[in-house]
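Structural overview
Listed below, chain by chain, are the residues.
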Amino acid sequence: MMYDVIVVGAGPAGSAAAFKAAKMGARTLVVERGSEPGAKNVSGAMVRVEDLSLFDVKTLPAEREVKRVRLVLGGDLQVEIKPKERLVNVGRLKLDKWMASQAESAGALVITKTTALKVTPEGIITDRGPVSGKSIVLAEGANAILSIGSGLRRDLRPEETVQTVKEVYSLNKDEVNKRFGLTGDQEGIAVRYLFQDPVPGAGFLYTYRDSVAFGIGVHMSSLISHRIRPQDVLEEVKRSLGIQELVKGFSLREYSAKIIPENGFPSWRPCQGNVYLAGDALGLVNPITFNGIGPAVISGGLAGEHAVNGECHEYETSLLRDRIISQSVKVRPLVRELLNERVMRNYISMATNLSSSWVSGDLSMTPLKENSFTLLKHVLLLMGATS
Ligand SMILES: Cc1cc2nc3c(=O)[nH]c(=O)nc-3n(C[C@H](O)[C@H](O)[C@H](O)COP(=O)(O)OP(=O)(O)OC[C@H]3O[C@@H](n4cnc5c(N)ncnc54)[C@H](O)[C@@H]3O)c2cc1C
C-alpha cells in the first residue's frame, strides 16, 4: 500500500501532523517505536490549552488546572502569578494517547512497537520492513536520528543542549492537596526554580492528581566544564530547594532523562523534497516559556497540511508566520545570553539582593545601577523577540 503521508513518531508533533493529514483525506500512517503513544514520553508537563486547539480540547485529559505559577529564585525570593490563560498539568502517557486517538478518529493508522530506521526515496525502512509513502513527516523528537541522517539538520552542540532529569513521586490526591495548599482535586500549581549551585540551571515542579513531578534542566556545556553528572545536580538541588521535604513519604514512580534542543529552525531546514521536520526534531522549544508541546502541535499540524500537497516552501513560510513558533525562534539570541553561567548567576543574585534591600527599606537600587548596561541589552533582545 502506498501512503500519502508517513509520520515518524506519535508524540505531539506526529499526532498533530497525522490528524491534519488524515482530516484532509490523505492515507496516513504513523509509526511509533514505543509500546503505545506516550510510552517513551513518561511523566507529564504543563501545557497552554490554546496551543492544542487543533484537537478537540473539550476532551483533553487534564489532571489539574494550574491556578498559580510560582517563581522561586535561588531559594530566597518567591513570586506567585495567577495565569491569565488556561494552563493544565497533564500526564504525557494520557496526553499522547489522547492526541493519537484523535488522529486515528480522523482516519490515520497508528502502528506502535515499530522503529523507523531510514528514509528512502520510496518511503521509510522500519525494523518490520519497508513502507511506501509520498511524503514523510519526521516528528521523532530531540534525538532526531532520521532527520540528521536525511541531511536536513545537524546534531546539537553542547552549547545548544539542555540536559534534563526528572522524577515523579506519587502518594494520593489528599496529600498532594495538603502539601501544596490546593483547595480541590482539580486545582494545580506549577513552580519554576532558578538555581546557581552546583551549576546554574532551572527547575520545575508540577502537580498531578495523585503525584508530583520535579525536574531540572542544566546546560550541557556547564555539565562538561564542571565535570558533574546531571543526576548529581538533581540531588544537590533537591536538597538545597527543600524538595526532599516536600515529597517526604511519597514513592518515586518514574525517573527519566532527556535533552531539550536550544537551537533549530530556521538554521535547520524544515523540509527538503518530500521530507518534513516538526516539533523537537526541528528544535522549536521556547526555553523562556518552557513551551515545547505547543510549538510541536502547531508545527506538526502545519507539516501534515503541507505534506499532503507537497508544499515545502509554503510549510517554511507558514512556520515563520505563526506567532508561537516565530517567538521561539526570535527568543534565541536572548536565551544564548541568559544561558551564560555568569549572566545567570548575576541575575539570581541581583533579584535576591534587590528584594532583600527593598524589604529592609533600602531603595538605592545599587544592583540595578551596576547592571544597567546588561539589563538594557536584554530588554532590547526581549522586545525584539516579542515584536
Ligand atoms: C523534562 C522535560 C520537561 C518538559 N516540560 C514541558 C512542559 O511542561 N511543557 C511543554 O510544553 N513542554 C515541555 N517539555 C518539552 C516537550 O516535552 C517537547 O517539546 C515535546 O514533547 C516535543 O514533542 P515532539 O512530538 O516533537 O517530540 P516527542 O514528544 O519527543 O515525541 C517523539 C516521538 O517519536 C518517537 N520516535 C522517535 N524516534 C522514532 C523512530 N525512529 N521510529 C518511531 N518512533 C520514533 C518517540 O518514541 C516519541 O513518541 C519538556 C521536556 C522535557 C525533557
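Residues numbered from 1 in each chain as written. Predicted model: local features only at pLDDT ≥ 70, side-chain atom pairs only at ≥ 80, totals over all residues.

As recorded in an unreviewed UniProt entry, the chain goes by the name FAD-dependent oxidoreductase, listed as coming from Metallosphaera hakonensis JCM 8857 = DSM 7519. Taken verbatim from the UniProt record of the chain, the Cofactor (unreviewed entry) comment is "FAD". (UniProt positions renumbered as here; feature names shortened; annotations may be inferred.)

A cis geometry characterises the amide bond from Asp 197 onward to Pro 198, with omega recorded as 5°. Its place among the elements puts Pro 198 in the loop between β12 (187-195) and β13 (201-207). Residues Phe 265 and Pro 266 are joined by a peptide bond in cis, for which omega reads 5°. Following the sequence through the fold, Pro 266 ends up in the loop between β15 (251-261) and β16 (271-272). One non-glycine residue with positive phi stands out, namely Ala 144, at about 50°. Phi is positive for Arg 227, close to 50°, though the residue is something other than glycine. Checked against the element boundaries, Arg 227 lands in the loop between α5 (220-226) and α6 (230-240). Its 6 C-beta neighbours within 10 Å are what place Arg 227 among the exposed residues. (Helix = DSSP H or I, 4+ residues; strand = E, 2+ residues; numbered from the N terminus. Buried ≥ 20, exposed ≤ 12 C-beta atoms within 10 Å, placed from the backbone.)

Our focus in this paragraph is helix α12 (residues 341-359). For α12, with 19 residues, the first-to-last C-alpha span of 27 Å sits near the 27 Å given by 1.5 Å per residue. Taken as a whole, α12 has its buried residues at Met 344, Tyr 347 and Ile 348. End-on view of α12: buried residues confined to an arc of 95°, all on one side of the axis. Facing away from the buried surface of α12 by more than 90 degrees, the exposed residues are Arg 342 and Ser 356. Those residues of α12 hidden inside the fold are in contact with β4 (64-73), β12 and α11 (332-338). After α12 finishes, the residue Gly 361 shows a positive phi value of roughly 85°. (Expected span 1.5 Å × (residues − 1). Arc of directions from axis to C-beta. Contact = placed C-beta atoms within 7 Å.)

Attention now moves to the environment of Ser 221. Looking at where Ser 221 falls in the secondary structure, it is placed in helix α5. Once the C-alpha coordinates of Ser 221 and Leu 241 are considered, the two residues, 20 residues apart in sequence, prove to be 23 Å apart. Ignoring anything within four residues of it in the chain, the contact list for Ser 221 reads Pro 158 and Glu 159.

Turning to the domain arrangement of the chain, a few remarks are in order. Interfaces are frequently sized by the accessible area removed from exposure as the parts join. The domain boundaries assigned to the chain delineate domain 1 (2-60 + 93-157 + 263-329), domain 2 (159-261) and domain 3 (334-386). When each unit is reduced to the centre of its C-alpha atoms, the spacing between domain 1 and domain 3 is 37 Å. (Domains from an automatic or database assignment.)

Membership of the largest hydrophobic core comes to 105 residues, with the highest contact counts inside it found for Val 7, Ala 17, Ala 103, Val 137, Leu 138, Tyr 276 and Ala 278. The element that contributes the greatest number of residues to this core is helix α8 (residues 293-309), accounting for 8 residues. (Core = buried A, V, L, I, M, F, W, Y, C linked by C-beta atoms within 7 Å.)

Moving on, we get to the site of the ligand. Residues in contact with the ligand amount to 37 residues; listed here are only the nearest, Gly 9, Gly 11, Gly 141, Gly 279 and Gly 292. Looking at the shell around the ligand, the elements with two or more residues in it are α1 (12-23), β3 (44-48), β11 (161-170), β15 and α8. In terms of residue class, the shell around the ligand is made up of 17 nonpolar, 13 polar and 7 charged. Counting only domains with at least three residues in the shell around the ligand, you end up with domain 1 (2-60 + 93-157 + 263-329) and domain 2 (159-261). (Near = placed C-beta within 6 Å. Nonpolar A, V, L, I, M, F, W, Y, C, P; charged D, E, K, R; others polar.)

The element strand β5 (residues 77-81) is barely covered by neighbouring structure, given that only 0 of its 5 residues are classed as buried. Here 5 bridges tie β4 to β5, and the two strands are oriented antiparallel to one another. Paired with Leu 71 across the two strands is Val 79, which belongs to β5. (Pairing = 2+ DSSP bridges.)

Moving on, we come to helix α10 (residues 323-330). By the burial criterion, the buried members of α10 are Ile 325, Ser 328 and Val 329. When α10 is viewed along its axis, its buried side chains cluster within an angular range of 95° and face the same direction. Buried-residue contacts for α10 involve α8, α9 (312-321) and α11.

Let us look at the packing of α1 against helix α2 (residues 92-105). Contact geometry for α1 and α2: axes closest at 8 Å, N-to-C directions at 15°. Looking at the two axes, α1 sits roughly parallel to α2. Pair α1 / α2 crosses with left-handed handedness. Mapping the contact onto sequence places Pro 12, Ser 15, Ala 16, Ala 18, Phe 19 and Ala 22 in α1 and Met 99, Ala 100, Gln 102 and Ala 103 in α2. Here the contact of α1 with α2 is built from residues that sort into 8 nonpolar, 2 polar and no charged. (Axes fitted to C-alpha atoms, helices over the stretch in contact; angles between N-to-C directions. Parallel < 35°, antiparallel > 145°, perpendicular 65-115°, else oblique. Left-handed = near helix turned anticlockwise from the far one by under 90°.)

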